[in-house]
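Analysis of the macromolecular model
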Amino acid sequence: MTRQSPSFLTPLALLVLLVGFADLQLGSVGADEDYNVQELLTRKTFNQVHELEKTASSKPGEHEQERQIPAKISKERTPQSTKKANKTPTDAKSECPPMGLESLKIDDFQLHASSTKRYGLGAHRGRLNIQAGLYEDDLYDGAWCAGRDDPLQWFEVDARRLTKFTGVITQGRNSLWSSDWVTSYKVMISNDSHTWMTLKNGSDDLIFRSNREKEIPVQNIFPSPVVARYIRVNPQSWFSSGSICMRVEILGCPMPDPNNYYHRRNEVITSDDLDFRHHIYKEMRQLMKVVNEMCPNITRIYNIGKSQGGLKLYAFEISDNPGEHEVGEPEFRYTAGSHGNEVLGRELLLLLMQFMCLEYLSGNQRIRHLVEETRIHLLPSVNPDGYEKAFEVGSELSGWSLGRWSNNGIDIHHNFPDLSSVLWEAEAKKLIPRKMFNHHVPIPEWYQSQNASVALETRALMAWMEKMPFVLGSNLQGGELVVTFPYDRTRSPGVTREQTPTPDDHIFRWLAFSYASTHRLMTDASRRVCHTEDFAKEDGTINGASWHTAAGSMNDFSYLHTNCFELSMFVGCDKFPHENELPEEWENNRESLLVFMEQVHRGIKGVVRDLQGRGIANAIISVEGINHDVRTAADGDYWRLLNPGEYKVTARAHGYASASKKCEVGYEIGATRCDFKIGRPNLSRIREIMEKFNKQPIKLQVRQLQTHRSGERLLGT
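Presented here is a report on the structure given in the accompanying data block. Predicted model only: the values in this text are computed from it and were never measured.

Turning to the overall build of the chain, a few remarks are in order. A count of helical and extended segments in the chain gives 16 helices and 26 strands. Nonlocal contacts in the chain, meaning residues at least 24 apart in sequence, comprise 77% of its contacts between residues at least 6 apart. Looking at the chain as shown, the accessible area adds up to about 30,800 Å², and 51% of this sits on carbon and sulfur atoms.

Structure follows, in structure tokens:
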């Protein structure tokens, strides 16, 4: 089909073209912005285009600028969420869930196409929300693109069994450099892949209206479900300045087939009787209350502050003495949802609190030991405002970034002060340890001003992190399968990817591996890459800065300003999985969540006391050979994460003599006890007594006397 001449462009078509050109201009955004800003900007034009579309369609004789054969357009055009929590099977035709192109339940060999522009734009890349590499190449591009631009092209999914198909969701090509999307398509089905039937609207082929830009998903529900094994999407028109490129998700329910080998092989079933659904804010709060009422002796609900939209940031504590810090007991935290559209972590933490309560009540010794020996804090929704935005649209329709930011447009996870730069500058000027410590790096004054661009959620997190003596923590994120550890910022200026290890790199690598190796998929060398990086080759872990540099991350702040070692767990390729995938995702992550919590008991622990047996707060614990110290909590207790080995450990505090000893860490879980008693030297005691009675220390008096005598000699008196 030939393109129309530009002389026939309508005002609406000109606007669509301008949107496309704007997309091309977005290729200049920085690498650290990903594609999120691009999608945010295109969403702003989305409603404008559709408003003009309504006006244009009401005027006879006007047509959209696209290559389209005459046919009736499907009326099922309004994007709807297919998985809201209150949805019932009878309230929509879209009752069938996604088949799993985005979540990778559909394998690459189930995807086929009529032609392909090149390998990196093959059918295997035609998955909803798949992301391209920053620099497009022949391996990881952001869509399926046909080798030719004509209405004979198709994208095919083999369901491998009879399936009730109910709808299709499409996007254009994810790219910073190209603007390609399909604007309408037909749907064809088959049981043998040879004989195909096109969906009809009466006697005419049914043509579905599709995308108006490349990032916002558009859902079309069939007038009535159809049953087949194969389904094809057959593009009929596309953006006039682009090519046929698509990312697709198919909505479908498998028909009963107990003898299907592939279904039995891939099926994951959980035995845990938990609430596997998405929870809006009120439902999340109610669920936490229910679990608290089930286990009142080991749980507590509290909030750490409010979001920009006024929603409380609820935390859930699990401990045998909730509300109290017990001397010698380490504190652990999981947070999730700093990016509001990455909802899997939120649901995993809600499942985890249910699981631990039920298992504790049933007498599970592993869970009882964790609860009795650890104070656990779960913060499931750091950015509840963003979550509500994503949930309102729906999981498949929220795209890659709707709800990512706080209400005032801030990326909470990267909104912390950049303390790594402060530390490295001090090291370059040789100010450590004379004028600055290698730990508890102070927050810059400018950051603490009221005019600083700091989210309310970030300030609440920082106050919480400073208040609680956390030892180990993790923030759960989505869109990938990998564990990242500090530093998250490259040390070399202007370098976007570079190994930037902390002094504790060895223990960070172990902590990351403890999660990744017990996850069902992260270290599976045969698993499909989520987007562009094969992290399984690195055992499912990576130094944050060697992936992509990011200043002011929560991980770096936690390590440099507090005692807590923080990592990021990217727990699934799909940021917002369908509810029916939550049981499998729970099975993927359950053991990892428990194993990582247990790592808080690795290394050494103890109490630093004075000679009278009183705990000394803010005493510094140094380990020979590791240029990063930790401090004691208010009661003088401390915890230092270390790998197995023998270490020389030193305790020191202001006004006290230091003390050192050898501490040995074994391979078994359970921190080695390493206590210290330190006393005041005589000079310190004399100074303290003199200052107490408002008199100058003896040493200062001697200095003043010497200065006075020198002055007399100079004057000749």
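Further notes follow.
Let us look at the sheet that holds strand β24 (residues 659-665). Spatially, four strands are ordered β21-β20-β23-β24 in an open sheet, and the strand pairing comes out antiparallel. Sheet topology places β21 (626-631) and β24 at the edges, where each strand pairs with a single neighbour. Direction aside, neighbouring strands of the sheet carry axes that sit 30° apart on average. When strand β20 (residues 620-623) meets β21, the two strands line up antiparallel, connected through three bridges. Each bridged residue has a counterpart across the sheet, and for Val623 the counterpart in β21 is Ile626.

To continue, consider the pairing of β21. Across the six residues of β21, five count as buried, placing the element largely inside the fold. Counting the residues in the hairpin turn of β20 and β21 gives two residues, including Gly625, whose phi is positive at 90°.

This paragraph deals with the sheet that holds strand β18 (residues 565-572). The strands that make up a sheet pair up through hydrogen bonds in the backbone, lying either parallel or antiparallel. Strand order in the open sheet formed by eight strands is β11-β12-β14-β13-β15-β18-β16-β17, and the pairing between neighbours is mixed. Every interior strand has two partners, whereas the edge strands, β11 (299-306) and β17 (541-543), have only one. When strand polarity is set aside, the average angle formed by the axes of neighbouring strands in this sheet is 25°. As defined by bridge partners, strand β16 (residues 480-485) adjoins β17 across three bridges and the pair is classed as parallel. Counted as the bridge partner of Thr484 is Ile542 from β17. Running at roughly 130° to β11, helix α10 (residues 456-467) makes contact with β11, β12 (312-318), β13 (331-336), β14 (375-379) and β15 (470-477) of the sheet. Helix α11 (residues 505-516) contacts β13, β15, β16, β17 and β18 of the sheet and is inclined by roughly 30° relative to β18.

All right, on to helix α5 (residues 344-362) then. With 19 residues, α5 extends 26 Å between its outermost C-alpha atoms, agreeing within 8% with the 27 Å of an ideal straight helix rising 1.5 Å per residue. Across the 19 residues that make up α5, a large majority, 15, are buried. Positive backbone phi, at 90°, marks Gly363, one or two positions downstream of α5.

Our next topic: the state of the cysteines. In the structure shown here, the tally under the stated rule is five disulfides. Between the sulfur atoms of Cys96 and its disulfide partner Cys253 the distance amounts to 1.9 Å. Disulfide Cys96-Cys253: the torsion about the S-S bond is -120°, which places it as left-handed. Taken together, the positions of Cys96 in the loop between α2 (36-57) and β1 (111-113) and Cys253 in strand β10 (residues 245-254) put the pair 157 residues apart, joining distant regions of the chain. According to the relative accessible area criterion, Cys96 is buried, its value standing at 0%. With cysteine numbering restricted to those in disulfides and following the sequence, the chain has the pairing 1-4, 2-3, 5-6, 7-8, 9-10.

Our next topic: the packing of α11 against helix α14 (residues 582-598). As a packed pair, α11 and α14 sit with axes 7 Å apart at the nearest point and diverge in direction by 150°. In terms of axis orientation, α11 runs roughly antiparallel to α14. The segment α11 lies against α14, with Leu511, Ser514 and Tyr515 engaging Asn589, Ser592, Leu593, Val595 and Phe596. In the contact of α11 with α14, the residues fall into five nonpolar, three polar and no charged.

Before going further, it helps to examine the nonpolar core. Within the largest apolar cluster, 94 residues are counted, with the highest numbers of intra-cluster contacts made by Tyr334, Met356, Leu461 and Leu567. Here this core takes 11 residues from α5, the largest share from any one element. Ranked by size, the runner-up nonpolar core spans 29 residues in total, among them Ile189, Leu206, Val226 and Ile250.

Once that is clear, we can look at unusual backbone geometry. Across residues other than glycine, the phi torsion is negative in most instances, and most of the peptide bonds are trans. The residue after Ile432, namely Pro433, is reached through a cis peptide bond having omega 5°. Here Pro433 lies in the loop between α8 (419-428) and α9 (445-448). Between Pro486 and the following residue, Tyr487, the backbone shows a cis peptide bond with an omega angle of -5°. Positive phi, normally seen in glycine, also occurs at Lys430, with a value near 60°. Within the fold, Lys430 resides in the loop between α8 and α9. Owing to a relative accessible area of 64%, Lys430 belongs among the exposed residues under this scheme.

With that out of the way, let us pick up α10. Helix length check: α10, at 12 residues, gives a terminal C-alpha distance of 17 Å against a target of 16 Å (1.5 Å per residue), a fit within 8%. Within α10, burial applies to Glu457, Thr458, Ala460, Leu461, Met462, Trp464 and Met465.

Here we come to the pairing of strand β4 (residues 182-190). Within a regular beta strand, the side chains point alternately toward one face of the sheet and then the other, so they alternate between its two faces. Burial analysis of β4 places nine of its nine residues in the buried class, the great majority of the element. Note that β4 and strand β9 (residues 218-238) share eight bridges and pair antiparallel. Note that in β9 the partner of Val187 across the bridge is Val233. In terms of strand pairing, β4 meets strand β5 (residues 197-198) through two bridges, oriented antiparallel. What sits directly across from Met188, in β5, is Thr198.

Cut-off values and rules
Residues numbered from 1 in each chain as written. Predicted model: local features only at pLDDT ≥ 70, side-chain atom pairs only at ≥ 80, totals over all residues. Heavy atoms only, no water. Helix = DSSP H or I, 4+ residues; strand = E, 2+ residues; numbered from the N terminus. Contact = heavy atoms within 4.5 Å. Areas by Shrake-Rupley, 256 points an atom, 1.4 Å probe, with all protein chains shown as cover. Pairing = 2+ DSSP bridges. Axes fitted to C-alpha atoms, helices over the stretch in contact; angles between N-to-C directions. Buried < 20%, exposed > 50% of the residue type's maximum accessible area, 1.4 Å probe, protein only. Expected span 1.5 Å × (residues − 1). Disulfide = S-S within 2.5 Å. Parallel < 35°, antiparallel > 145°, perpendicular 65-115°, else oblique. Nonpolar A, V, L, I, M, F, W, Y, C, P; charged D, E, K, R; others polar. Core = buried A, V, L, I, M, F, W, Y, C linked by side-chain atoms within 4.5 Å.

Note that every value here comes from positions in space, so none of it alone points to a role or purpose.
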